Amino acid sequence: MKILALSGSTREESFNSRLLDIAVAGARSAGAEVTVVDLKNYDLPLFNQDFEYHEGAPEAVIQLKDLMIEHQGLLIASPEYNGFPSPLLKNALDWVSRQQNDHEPPMFAYKGKIAAVMAASPGAGGGSRGLTVLRILLQNLGVMALPGQITLGRASQAFREDGRLHDDQLQRAAESLGADLYDVLLQQSTKLD
Ligand SMILES: Cc1cc2nc3c(=O)[nH]c(=O)nc-3n(C[C@H](O)[C@H](O)[C@H](O)COP(=O)(O)O)c2cc1C
């Protein structure tokens with residue numbers, strides 16, 4: 001059972017990427033194999049159907065899609081921009097949703113995926129509105145999202161120098177989110193056996 005971890009921010013000091021790191025550590029402690037994707041390393045043009053028609057999917061899309069197919073779980077942290085998940089994340093998820101040929105079923109890369117979501121923001125809301133929208137998007141992609149989530153408000157004051165959270169309870173909750181995802185994936189795989 002492998003987990004793909006995606007941050008919707010490529011900002012150097014991204015709060016979301018730092019929060020994601022905690023959940024990734026939790027999943028790894030529980031035994032999961034986790035691949036952390038830095039979207040900075042994927043040259044994804046803004047999705048444009050004419051571009052896709054004439055040029056096909058760029059190599060970076062194929063690579064990201066292959067990664068998606070190889071993993072069963074998704075850990076996603078996304079900034080909230082005006083109440084929505086980041087365009088960077090949405091664009092990546094849109095590209096990966098595209099069929100590469102007529103034989104490929106729609107949403108093939110997302111088939112059977114289970115996700116856990118989180119958000120961090122310097123504001124008090126912690127990005128919770130963005131997660132509501134992200135959940136709708138995941139549902140439309142056929143991805144099941146776990147009911148639990150982490151929203152980290154006042155994120156500019158939340159992290160210690162070592163990357164952990166000052167709030168021990170939240171630190172444990174973020175680690176648990178990663179571990180819980182791995183548990184659910186294991187249960188799912190046992191049922192399928
Ligand atoms: C265009 C834009 C819109 C934003 N809208 C929101 C918002 O709706 N809610 C919120 O809590 N923060 C909002 N923010 C602030 C982000 O939460 C903040 O920039 C955060 O640091 C981004 O996440 P990151 O640290 O992972 O890069 C917005 C920022 C930008 C640039």
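From a predicted model like this one, the values you see are computed outputs, not experimental measurements.

Mapped onto this structure's residue numbering, the UniProt feature "domain: NADPH-dependent FMN reductase-like" (unreviewed entry) falls at residues 1-155. The annotated region residues 1-155 carries 38% helix and 23% strand content, and the separation between its end C-alpha atoms amounts to 31 Å.

Taken together, 13 residues are adjacent to the ligand, and Ser9, Ser14, Asn16, Glu80 and Ser121 come closest. At a separation of 2.8 Å, an oxygen atom of the ligand approaches a polar side-chain atom of asparagine 16. Within the side chain of arginine 129, one N or O atom sits 2.9 Å away from an oxygen atom of the ligand. Relative to its free-state accessible area of 620 Å², the ligand is covered by the protein chains to the extent of 69%. For the shell around the ligand, the secondary structure elements donating two or more residues are helix 1 (15-29) and strand 4 (80-81). Its residues placed into classes, the shell around the ligand shows four nonpolar, six polar and three charged.

Topologically, serine 14 is positioned in the loop between strand 1 (2-7) and helix 1. In this structure the side chain of serine 14 is engaged in a polar contact, spanning 3.2 Å, whose partner is the backbone nitrogen of asparagine 16. From its side chain, serine 14 meets the backbone nitrogen of serine 17 in a polar contact 2.9 Å long.

This part covers the confidence of the model for the protein. Should pLDDT be low for a region, the predicted coordinates there are not to be read in detail. For the protein, per-residue confidence averages 97 on the pLDDT scale, and residues scoring 70 or more make up 100% of the total. Looking at the elements of the protein, mean pLDDT is at its lowest for helix 6 (residues 168-192), recorded as 95, and at its highest for strand 6 (residues 114-120), recorded as 99.

Between its terminal C-alpha atoms helix 1 stretches 21 Å, which fits the 21 Å expected from 15 residues at 1.5 Å a residue. Structurally, helix 1 contributes buried residues whose contacts are with strand 1, strand 2 (33-37), strand 3 (73-77), strand 6, strand 7 (144-152) and helix 6. The distance from a side-chain oxygen at the start of helix 1 to the backbone nitrogen of asparagine 16 is 3.2 Å, and the residue carrying that oxygen is serine 14. Phi for glycine 31, located one or two positions after helix 1, is positive at around 115°.

Glancing now at the sheet that holds strand 1. Taken in spatial order, the five strands of this open sheet run 2-1-3-6-7, and their pairing is parallel. The sheet is open, and its two borders are formed by strand 2 and strand 7, each paired with just one other strand. Direction aside, neighbouring strands of the sheet carry axes that sit 20° apart on average. As paired strands, strand 1 and strand 2 are joined by five bridges and run parallel to one another. If you follow lysine 2 over to strand 2, its bridge partner there is glutamate 33. Along the sheet, helix 1 contacts strand 1, strand 2, strand 3, strand 6 and strand 7; its crossing angle with strand 6, the most-contacted strand, is approximately 140°. Of the strands in this sheet, strand 1, strand 2 and strand 3 touch helix 3 (residues 59-70), which is tilted by about 135° from strand 1.

On to the pairing of strand 3. A large share of strand 3 lies buried, amounting to five of its five residues. On strand 3, burial covers both faces: Gly73, Leu75 and Ala77 on one face and Leu74 and Ile76 on the other are all buried. Across five bridges, strand 1 lies against strand 3 in parallel orientation. Directly across from alanine 5, in strand 3, lies its bridge partner leucine 75. As paired strands, strand 3 and strand 6 are joined by five bridges and run parallel to one another. Paired with leucine 74 across the bridge in strand 6 is alanine 115.

Moving on, we get to helix 3. Across its twelve residues, helix 3 extends 17 Å between first and last C-alpha, which sits within 8% of the 16 Å expected from 1.5 Å per residue. Along helix 3, the positions that sit buried rather than exposed are Ala60, Val61, Leu64, Lys65, Leu67 and Met68. Seen from one end, helix 3 has its buried residues packed into an arc of 155°, which puts them on one side.

Basis of the calculations
Residues numbered from 1 in each chain as written. Predicted model: local features only at pLDDT ≥ 70, side-chain atom pairs only at ≥ 80, totals over all residues. Heavy atoms only, no water. UniProt positions renumbered as here; feature names shortened; annotations may be inferred. Helix = DSSP H or I, 4+ residues; strand = E, 2+ residues; numbered from the N terminus. Near = heavy atom within 4 Å. Polar contact = N/O pair within 3.5 Å; in protein donor to acceptor, adjacent residues only side chain to side chain. Areas by Shrake-Rupley, 256 points an atom, 1.4 Å probe, with all protein chains shown as cover. Nonpolar A, V, L, I, M, F, W, Y, C, P; charged D, E, K, R; others polar. pLDDT = per-residue confidence, 0-100. Expected span 1.5 Å × (residues − 1). Contact = heavy atoms within 4.5 Å. Pairing = 2+ DSSP bridges. Axes fitted to C-alpha atoms, helices over the stretch in contact; angles between N-to-C directions. Buried < 20%, exposed > 50% of the residue type's maximum accessible area, 1.4 Å probe, protein only. Arc of directions from axis to C-beta.

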